[in-house]
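So the chains spell out like this:
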Amino acid sequence: MATATGITPFHLEFADEQIDDLRRRIRAARLPSKELVDDRSQGVQLATIDALARYWASDYDFGRVEKRLNALPQYTSEIDGVDVHFIHVRSQHEDALPLVMTHGWPGSVIELLDAIDPLTDPTAHGGSAEDAFHLVLPSLPGYGFSSEPGELGWSTGRVARAWAGLMSRLGYTRYVAQGGDQGAAVTDDMARQAPAGLAGVHLSLLRSALANTTGLPTESDEERAALEALDTFRKSGFGYFLEQSTRPQTIGYALLDSPVALAAWMLDHDTDSYYKIARAFVDGQPVGNLTRDHILDNNTNYWLTGTGASAARSYWEGGRAAALAAGQAPPAVSVPVGFTTFPGEIFRAPRSWAEAVYPRLTYFNEAERGGHFAAWEEPRLFTDELRSAFRPLR
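This write-up is about the structure you can find in this document. (Residues numbered from 1 in each chain as written. Predicted model: local features only at pLDDT ≥ 70, side-chain atom pairs only at ≥ 80, totals over all residues. Heavy atoms only, no water.)

What follows is about the side chain of E223. Here E223 lies in helix α8 (residues 221-236). Despite its burial, E223 pairs with no opposite charge; the closest candidate is R224, at 6.4 Å N-O. Polar contacts involving the side chain of E223 include one to the main-chain amide nitrogen of T218, which spans 3.4 Å. For E223, the side chain forms a polar contact with the main-chain nitrogen of E219, separated by 2.7 Å. (Helix = DSSP H or I, 4+ residues; strand = E, 2+ residues; numbered from the N terminus. Buried < 20%, exposed > 50% of the residue type's maximum accessible area, 1.4 Å probe, protein only. Lys, Arg positive; Asp, Glu negative; His and termini not counted. Salt bridge = Lys/Arg side-chain N within 4 Å of Asp/Glu carboxyl O. Polar contact = N/O pair within 3.5 Å; in protein donor to acceptor, adjacent residues only side chain to side chain.)

See the structure below:
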C-alpha cells in the first residue's frame, strides 16, 4: 500500500484536572425522586443511575480510555473541513480485505474495540487467514476525537463521501463497509453512492423502516412482529430520537454540564440494551461485554471530549436531509448487501423487508443473541457474521 499523505498520528492524553472535575461533578449530582413505576416507562430508573454514578465516581479506572485507545494505531486526517479521527489496524495477512466500520449513537469507536483482534487476526481466534480484514474505524464528525462540523450539511450522506475519501487516501482501491445505528445510515448511503472501490456492505439495522414501512410486506408473523416492535418504539422509546432530531442544542446544555445527565441520556436508548446495562450496574450481572467498565469507557469518552451536543446534532442533520429529499426516491443500491438481524434490536427486520429494500441482498442471517450494540455485547458472534457476509466478496 502506498504511503498515505494528509494523515497525522494521534495520541490521547487527558489532563488530571479534567478527571478531577468529572469525578467532582458526578459526586455533586442532584438526583430526582424515585420513579412511580416499576419499569423504564418513565425513563432511566433511579436505582440504575445511582449505581452507575457511585461506581463511576469511586471505583472506575479513569485511565482505561487512554490505555485502550493508545494501544492501537490512531490517526487524524482533515476531510472536507473536519479533522476525522480513526483507528487503522492492518492485518498481518497481506491479502486481508479492507473494511471500514462505522459506530452509532450513543456509541463510539469504543464499542468496536473488542472486534478488532478477531477481525484482523482470525487465526488466533479459530478462523482462517482468508477471513482477515484490514480495519479502519473512524469517529463520526462531532463524536469523540473527530472535530465538530462548523457548518450545516453534515448528514450521513456527506459522511459517506468522507469515508470513501478516507479509504482512497489510505490507498485502498477495493474495500467493504459495515455499520449499525447511525453507522448503518452512513453505510446505507455509501451503498447508494457506490463510490469507486466499494465492493459491498453489511448492515445490522434497516434504516429506512425506522421512518417508513410503506410498501413493506406485512402478512407473515415475522412481518407483523416487526411492525408491532416499531410501533412500540415510536410510542414509548422515541424520546431521545425526537429530541435530538428537533432540539439537539437544548438537550446539549445538560449533556455538557452534568456527566450524570449525560449517562442517563445515553442509557435511555432501547429497551433491550437498557435492561442489560441496568443489570450490570444494579445486579452485577453483565450480559456479554456490556460490563460496567465498558459502558463507562464510552461515557467517559463522551464527557471528556465534550461531544454530547455535537453528536446529538447528527440526528438533526438527518432530519434536515430527509426533509430536503422529501418526495424523491433514494438512489438504488448497486453493490452487494449483507444483513444480520439481532433478537434484541429495536425491531427484528424480517428477510422479506431486507430483500424489498436491498434487491442485491447476498447474505441474510437471524443471529441467536445480541441486540442494538451487537459488536459490543457479542464481539465473537458479531465478527463471525462479518466473516460469513463478506466471504463471497473476497
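A complete count under the given rule lists three cavities of 30 Å³ or more for this structure. For the largest cavity, the lining is made up of 16 residues, of which E111, G180, S204, H372 and A375 are closest to its centre. Secondary-structure elements contributing two or more residues to the lining of the largest cavity are β6 (175-179) and α16 (374-377). Within the lining of the largest cavity, the residues separate by chemical class into six nonpolar, eight polar and two charged. Its boundaries defined by the atoms lining it, the second largest cavity holds a volume of some 90 Å³. In terms of lining, the second largest cavity is formed by P106, G107, A263, M266, L267, I277, I295, N298, N299, F373 and W376. Considering only residue class, the lining of the second largest cavity consists of eight nonpolar, three polar and no charged. (1 Å grid on protein atoms, 1.4 Å probe; cavity = no way out; pocket = protein on both sides within 12 Å on 5 of 7 lines; lining within 4 Å. Points joined across faces, edges and corners; volume = space filled by probe spheres on them. Nonpolar A, V, L, I, M, F, W, Y, C, P; charged D, E, K, R; others polar.)

Judged from the two bridges that link them, strand β1 (residues 8-9) and strand β2 (residues 74-79) form a sheet pairing that is antiparallel. When the sheet's bridge partners are listed, P9 is paired in β2 with Y75. Alignment of β2 against strand β3 (residues 82-89), held across six bridges, turns out to be antiparallel. Bridge assignment links S77 to a residue of β3, and that residue is V84. Between β2 and the antiparallel strand that follows it, β3, lie two residues; D80 among them carries a positive phi value of about 55°. (Pairing = 2+ DSSP bridges.)

Close contact between helix α4 (residues 113-120) and helix α17 (residues 379-390) brings their axes to 9 Å; oriented N to C, the two are set at 45°. One finds that α4 runs oblique with respect to α17. α4 and α17 meet at a crossing whose hand is right-handed. In this structure, α4 contributes D114, A115, P118 and L119 to the contact, and α17 contributes P379, T383, L386 and R387. For the contact of α4 with α17, a count of residues per class yields five nonpolar, one polar and two charged. (Axes fitted to C-alpha atoms, helices over the stretch in contact; angles between N-to-C directions. Parallel < 35°, antiparallel > 145°, perpendicular 65-115°, else oblique. Left-handed = near helix turned anticlockwise from the far one by under 90°. Contact = heavy atoms within 4.5 Å.)

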